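A closer look at the structure
Chain residues, written in single-letter form:
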Amino acid sequence: MSGKATFFIFLCIISFVLAQPEGINYDEAKVPVFELPDPLVMLDGPKVQDSQTWIDKRRPEILSLFEEFVYGKAPEKKIKITFEIVESDPLTLNGLATRKQVRVYLIGKKEGPFMDVLIYLPNKVEKPAPLFVGLNFYGNQTVIDDPAVLITKSWVRNSDQYGITDHQATQATRGVSARRWPIKTILESGYGLATIYYGDIDPDDEGKFDNGIHPYFYQEGQTQPAPDEWGAIAAWAWGLSRAMDYFEKDEDIAHEQVIVLGHSRLGKTALWAGAVDERFAIVISNNSGCGGAALSRRAFGETVKRINTSFPHWFCDNFNQYNDNENACPVDQHMLIALMAPRPVYVASAEEDLWADPRGEFLSTKYASPVYELFGLQGMPAQEMPDVSQPAFGTIGYHVRPGKHDVTDYDWDQYIKFANKHLSHTK
Ligand code: GCU
């Protein structure tokens, strides 16, 4: 290697080290010794021996621990949503798909808040069609360059990359994230795709709960969620459930074959949505990391303290108790994966995405497996972390692919294969 190349590599290493926030560990040897709570041991001591006890006792117990201490409780009040098909085309994408844009009124009233659900359904398969659903980061118009797609009017995060400067999405953002949404491949594989802009449900603006869905559920005089009430992730997950309410009413959608997925913070959200709402048939987490699939107790890459500091609105306030104190938390993220049982769940990591702790994501799938075994199912078939590009498919699936924090065609190929394996639809 030339002296120049060596110097360049040296500079890269130095700048990587300097760019790391203080106190962040990327050294496997420095992962603290920890003991995980056993998903099968109940709070009052006995060990769960059968799936019925899991369903009746232990699952509700774990779910309410996550509600109380991690994501916060969403309102119990049952909402009877109303909706309106605001646009549709039975022959779009050269006849490959039917497009629908459905406005879902989140509190059942036209004067109230709404989210727009963009749906593409495959024309080549008999309806009702199975469907992937996921939230997106900058508006439905970003997932495909299709002039008919409505541009969100909700608050969006500013972005130099997309030229967003005043929190409003522009025409120029059409199709900017299309690379992450291989719509044609999805349709040709016999699946539909539905997506919703997460900011239609709750804008991702730090620490504020005076906009979005939260205020509609405040008690009189309340101005922010109580310490055990829903943060932003729980609100976004709640929105996914409202989309499911709509899917149940759409005869073209096989609502018992809906796969919820998400990337990064929206991967955390997909997992939480799958945990609280068992109507989702399959749950997929793409690079969800801390507060998603990664074990918090490893404190590798992003930590509980760091995420609560940078994004104080994502979790409930009670989660702050576990900053630098992960061992005190009555749950860890393998128990979140276990809440999907017996439904299939898939966790995907990226090799260079150390911030999200790929190994910690894998270990969650492994330690959730005993719960699947109660149902006579194999959870994660791999005992050791699989090599890069060697997916492991049980009722729990996992892969780590080369590259960075992102959603790639490779990821989608695995999701489609995994769904094909587990859903009994004819295509
Ligand atoms: C930050 C954050 C992660 C999150 C990611 C994202 O990197 O620290 O926890 O997953 O943003 O959602 O893009």
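Residues numbered from 1 in each chain as written. Predicted model: local features only at pLDDT ≥ 70, side-chain atom pairs only at ≥ 80, totals over all residues. Heavy atoms only, no water.

**A short note on the sheet that holds strand S8 (residues 345-350)**
Here is the rule we go by: We call two strands paired when DSSP finds no fewer than two bridges between them. Numbering goes from the N terminus for both helices and strands, where a helix is a DSSP run of H or I of at least four residues and a strand is a run of E of at least two. Note on contacts: a residue pair is in contact if any heavy atoms of the two residues lie within 4.5 Å. Helix axes are fitted only over the stretch in contact, all axes being lines through C-alpha atoms; the angle between N-to-C directions runs from 0 to 180 degrees.
Pairing is mixed across the open sheet formed by 10 strands, whose spatial order is S1-S2-S3-S5-S4-S6-S7-S8-S10-S9. The sheet is open, and its two edges are formed by strand S1 (82-92) and strand S9 (392-393), each paired on a single side. Across 5 bridges, the pairing between strand S6 (residues 253-263) and strand S7 (residues 282-286) is parallel. Each residue of the ladder has a partner; that of Ile259, found in S7, is Ile282. Packing of helix H4 (residues 232-247) onto the sheet brings it into contact with S1, strand S2 (97-105), strand S3 (114-122), strand S4 (129-136), strand S5 (192-197) and S6, and relative to S6 it is tilted by some 160°.

**Observations concerning the environment of Leu118**
Secondary-structure assignment places Leu118 in strand S3. Counting along the chain gives 35 residues from Leu118 to Phe83, while the straight-line C-alpha distance between them is 13 Å. With sequence-adjacent residues up to four places away left out, Leu118 is seen in contact with Arg99, Lys100, Gln101, Asn140, Val143, Val149, Leu193, Ala194 and Thr195.

**Some details on the packing of helix H2 (residues 51-71) against helix H5 (residues 265-276)**
Helix-helix packing is characterised by the crossing angle of the two axes and by the distance between the axes. Spelled out, the test is: An angle below 35 degrees is read as roughly parallel, one above 145 as roughly antiparallel, one from 65 to 115 as roughly perpendicular, and any other as oblique. Less than a right angle of anticlockwise turn of the near helix away from the far helix marks a crossing as left-handed, whereas a clockwise turn marks it as right-handed. Under the convention adopted here, Pro, Cys and the residues Ala, Val, Leu, Ile, Met, Phe, Trp and Tyr are nonpolar, Asp, Glu, Lys and Arg are charged, and Gly plus all remaining residues are polar.
For the pair H2 and H5, the least separation of the axes is 11 Å and the interaxial angle reads 140°. One finds that H2 runs oblique with respect to H5. Seen along the crossing, H2 lies across H5 with a hand that is left-handed. Of the residues in H5, those in contact with Arg59, Leu63, Phe66, Glu67 and Tyr71 of H2 are Trp272, Gly274, Ala275 and Val276. Among the residues forming the contact of H2 with H5, the class breakdown is 6 nonpolar, 1 polar and 2 charged.

**Focus on the site of the ligand**
The criterion, for reference: By convention in this text, a residue qualifies as near a molecule or strand provided that one of its non-hydrogen atoms is within 4 Å of it. Any N or O atom pair separated by 3.5 Å or less is treated as a polar contact, with the protein-specific requirement of one donor-capable and one acceptor-capable atom, and with residues adjacent in sequence counted only for side-chain atom pairs. Exposure was quantified through the Shrake-Rupley algorithm and a 1.4 Å probe, taking into account, for residues, occlusion by the shown protein chains and nothing else.
Taken together, the residues surrounding the ligand are Ser264, Arg265, Lys268, Glu302, Ile307, Phe311, Trp314 and Trp355. Lys268 is positioned with one of its side-chain polar atoms (N or O) 2.8 Å from an oxygen atom of the ligand. In the environment of the ligand, an oxygen atom lies 2.9 Å from a nitrogen or oxygen atom belonging to the side chain of Trp355. Relative to its unbound accessible area of 320 Å², the ligand is 81% covered by the protein chains. Split by residue class, the shell around the ligand holds 4 nonpolar, 1 polar and 3 charged.

**Details of helix H8 (residues 358-374)**
Turn by turn, an α-helix covers 3.6 residues, leaving residues three or four places apart pointing in a common direction. The condition is simple: A residue's bend is the angle separating two fitted axes: one through the seven residues that end there, the other through the seven that start there. Burial classification: accessible surface area is computed with a 1.4 Å probe over protein chains only, and a residue below 20% of its type maximum counts as buried, one above 50% as exposed, and the rest as partly exposed.
At Ala368, H8 shows its largest kink, close to 35°, and the proline Pro370 lies no more than four residues downstream. Among the residues of H8, Pro358, Gly360, Glu361, Phe362, Leu363, Ser364, Thr365, Ala368, Ser369, Val371 and Tyr372 are the ones counted as buried. Each element contacted by the buried residues of H8 is listed here: H2, helix H7 (333-338), S8 and strand S10 (396-401). Just downstream of H8, Gly376 is the residue with a positive phi angle, here 75°.

**Description of the pattern of salt bridges**
Basically, it comes down to this: Think of a salt bridge as a Lys or Arg side-chain nitrogen and an Asp or Glu carboxyl oxygen that are within 4 Å of each other.
Summed over all chains, the structure comprises 25 salt bridges. Measuring nitrogen to oxygen at the nearest pair gives 2.8 Å for the salt bridge that ties Arg103 to Asp116. Of this pair, Arg103 sits in strand S2 while Asp116 is found in strand S3, placing the two residues 13 residues apart along the sequence. A salt bridge links Asp357 to Arg298; its shortest N-O distance comes to 2.8 Å. Of this pair, Asp357 sits in the loop between S8 and H8 while Arg298 sits in the loop between S7 and helix H6 (304-310); the two residues are 59 residues apart in sequence, bridging distant segments of the chain. On the basis of relative accessible area, Asp357 is assigned to the buried category, the value being 2%. Within this structure, Arg242, Asp245, Glu248, Asp277 and Arg279 form a network of salt bridges that share partners.

**Side note on the packing of aromatic side chains**
What counts here: The criterion for an aromatic pair is that two Phe, Tyr or Trp rings (for Trp, the six-membered ring) have centres within 6.5 Å, with stacked assigned to planes under 30 degrees apart, edge-to-face to planes over 60 apart and tilted to the rest.
This structure, assessed with the given rule, holds 28 aromatic pairs. Between the aromatic rings of Phe137 and Tyr198, the centroid separation amounts to 5.7 Å while the plane-to-plane angle is 65°, which identifies the pairing as edge-to-face. Separated by 61 residues along the polypeptide, Phe137 in the loop between S4 and helix H3 (183-188) and Tyr198 in the loop between S5 and H4 bring together distant segments of the chain. You'll find Phe137 and Tyr198 in the same group, each marked buried. Consider the rings of Tyr346 and Phe418, whose centres lie 5.0 Å apart with planes at 70°: the pair is edge-to-face.

**Focus on the packing of H4 against H5**
Interaxial distance between H4 and H5 falls to 8 Å at its minimum, and their mutual angle equals 60°. Relative to H5, H4 is oriented oblique. In the crossing of H4 with H5, the sense of the turn from one axis to the other is right-handed. Counting all contacts with H4, which are made through Ile233, Ala234, Trp236, Ala237 and Leu240, the residues of H5 involved are Arg265, Leu266, Lys268, Thr269, Trp272 and Ala273. For the contact of H4 with H5, the residue count by class is 8 nonpolar, 1 polar and 2 charged.

**Section: the environment of Glu352**
Along the chain, Glu352 falls in the loop between S8 and H8. Separated by 53 residues in sequence, Glu352 and His405 place their C-alpha atoms 7.1 Å apart. Excluding its chain neighbours within four sequence positions, the residues that come into contact with Glu352 are Gly403 and Lys404.

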